[in-house]
Amino acid sequence: MLLQSRGIDFDTKMITFSRTKVEKMVKRTGGKTSVPQIFVDDKFYTQSHSSIFVNKNGLYYFKQKGESRVLYKNKTQLFAFKGHYGFVVDVSSDKIYFIAPSKHGSSLYVYKNAKVSRVLQGDDIIECKLLSNNKALIVTIDATGYKYRIIELNNDNNINLINRCYLHKSFKPAVQRP
């Protein structure tokens, strides 16, 4: 859906349950077996260790290199941090937003001008989508469920909470509070 909404042609290949397809993909990637594998114009491009964010300016993704998580734009390494978790959630003209570990969970960060800044103080952020240059929808999770919030972004990455939105009805916490 995301690639379709951006007018990008793509093809998904499910190889999990077919030994023949797995062998064919391993051959096409030069022996690589991790997923996702990225192909551009039907040619192997690279492998990734996170979801891939695609827009008209390129491909954004993380790779794991030992103890470091490395952010790439196309095949250019932008920066690395110590950790095993991180994925790009959105890109504006000069900023790359991503979710990565924080002290007690995960939070929203931004990469701009070769610097990384934490956008929010919360340790419960699991997703983000830019709505405009100065607004974003974030998803948080806690023992009571998912919460959706619209936040206002400014140039200093300080935020103002615009609207507290609502518990996702289908979520049932694993631990019930008394």
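Note that this is a predicted model, so its numbers are computed, not measured.

Undergrad: Help me understand the nonpolar core, please; the structure alone is not making it clear to me.
TA: Among soluble globular proteins, nonpolar side chains are generally buried collectively. Val89, Tyr97, Leu108, Val119, Leu120 and Leu153 are the most contacted members of the largest nonpolar core, which has 15 residues in total. Looking at this core element by element, the count peaks at 3 residues for strand 11 (residues 125–130). Each residue touching valine 89, except ones within four places of it in the same chain, is listed here: Phe53, Tyr97, Phe98, Ile99, Leu108, Glu127 and Cys128. One finds Phe53, Phe62, Ile96 and Tyr111 within the second-largest nonpolar core, a separate group that totals 13 residues.

Undergrad: For this particular structure, what's the right way to read the pairing of strand 5 (residues 68–73)?
TA: Two faces, one strand: in a regular strand the side chains alternate between the faces of the sheet. Of the pairings in the sheet, the one linking strand 4 (residues 58–65) to strand 5 comprises 6 bridges and is antiparallel in character. When the sheet's bridge partners are listed, glutamine 64 is paired in strand 5 with arginine 69. The antiparallel pairing of strand 4 with strand 5 creates a hairpin that spans 2 residues between the two strands, and glycine 66 there sits at a positive phi of about 65°. As paired strands, strand 5 and strand 6 (residues 76–82) are joined by 6 bridges and run antiparallel to one another.

Undergrad: I tried to follow the sheet that holds strand 8 (residues 96–102) on my own but got confused; where do I start?
TA: Across a sheet, paired strands are connected by hydrogen bonds in the backbone, their directions being either parallel or antiparallel. With antiparallel pairing, 4 strands are arranged side by side in an open sheet as 7-8-9-10. This sheet does not close on itself; its edge strands, each paired only once, are strand 7 (87–91) and strand 10 (115–118). Within this sheet the neighbouring strands show an average axis-to-axis angle of 35°, counted without direction. The sheet contact formed by strand 7 and strand 8 spans 4 bridges and is antiparallel. The residue bridging phenylalanine 87 from the neighbouring strand is isoleucine 99, located in strand 8.

Undergrad: Would you mind showing me how to read the confidence of the model for the protein chain here?
TA: In low-pLDDT segments, the atomic positions of the prediction should not be examined closely. Averaged over all residues, the pLDDT of the protein chain is 76; the fraction at 70 or higher stands at 71%. Per-element confidence in the protein chain is highest for strand 11, whose mean pLDDT is 93, and lowest for strand 14 (residues 159–164), whose mean pLDDT is 38.

Undergrad: So what exactly am I meant to see when it comes to unusual backbone geometry here?
TA: With phi around 50°, asparagine 113 is a residue other than glycine that occupies positive phi space. By the secondary structure assignment, asparagine 113 is in the loop between strand 9 (105–112) and strand 10. Here alanine 114, not a glycine, exhibits a phi torsion of approximately 65°, which is positive.

Undergrad: For this particular structure, what's the right way to read the environment of lysine 65?
TA: Of note, lysine 65 is situated in strand 4. The class for lysine 65 is partly exposed, based on a relative accessible area of 45%. Considering only alpha carbons, one finds lysine 65 and lysine 82, 17 residues apart in sequence, at a separation of 9.6 Å. Look past the residues within four positions of lysine 65 in its chain and what remains in contact with it is Val70, Tyr72 and Gln77.

Undergrad: What is the right way to read the packing of aromatic side chains from this model?
TA: Each aromatic ring pair is specified by the distance between its two centres and by the angle formed by the two planes. All chains considered together, the criterion is met by 10 aromatic pairs. Ring centres of phenylalanine 98 and tyrosine 109 lie 5.6 Å apart, and the angle between their planes is 20°; this geometry places the pair in the stacked category. Of this pair, phenylalanine 98 sits in strand 8 while tyrosine 109 sits in strand 9, and the two are 11 residues apart along the sequence. Neither residue differs from the other here; phenylalanine 98 and tyrosine 109 are each classed as buried. Following the ring pairs from residue to residue traces out a cluster consisting of Phe62, Phe79, Phe81, Phe98, Tyr109 and Tyr111. For the cation-ring pair, lysine 63 lies above tyrosine 72, with the distance from its terminal atom to the ring centre recorded as 5.3 Å.

What counts, and where the lines are drawn
- Residues numbered from 1 in each chain as written.
- Predicted model: local features only at pLDDT ≥ 70, side-chain atom pairs only at ≥ 80, totals over all residues.
- Heavy atoms only, no water.
- Core = buried A, V, L, I, M, F, W, Y, C linked by side-chain atoms within 4.5 Å.
- Buried < 20%, exposed > 50% of the residue type's maximum accessible area, 1.4 Å probe, protein only.
- Helix = DSSP H or I, 4+ residues; strand = E, 2+ residues; numbered from the N terminus.
- Contact = heavy atoms within 4.5 Å.
- Pairing = 2+ DSSP bridges.
- Axes fitted to C-alpha atoms, helices over the stretch in contact; angles between N-to-C directions.
- pLDDT = per-residue confidence, 0-100.
- Phe/Tyr/Trp six-rings, centres within 6.5 Å; stacked < 30°, edge-to-face > 60°.
- Lys NZ or Arg CZ within 6 Å of the ring centre and 35° of its normal.

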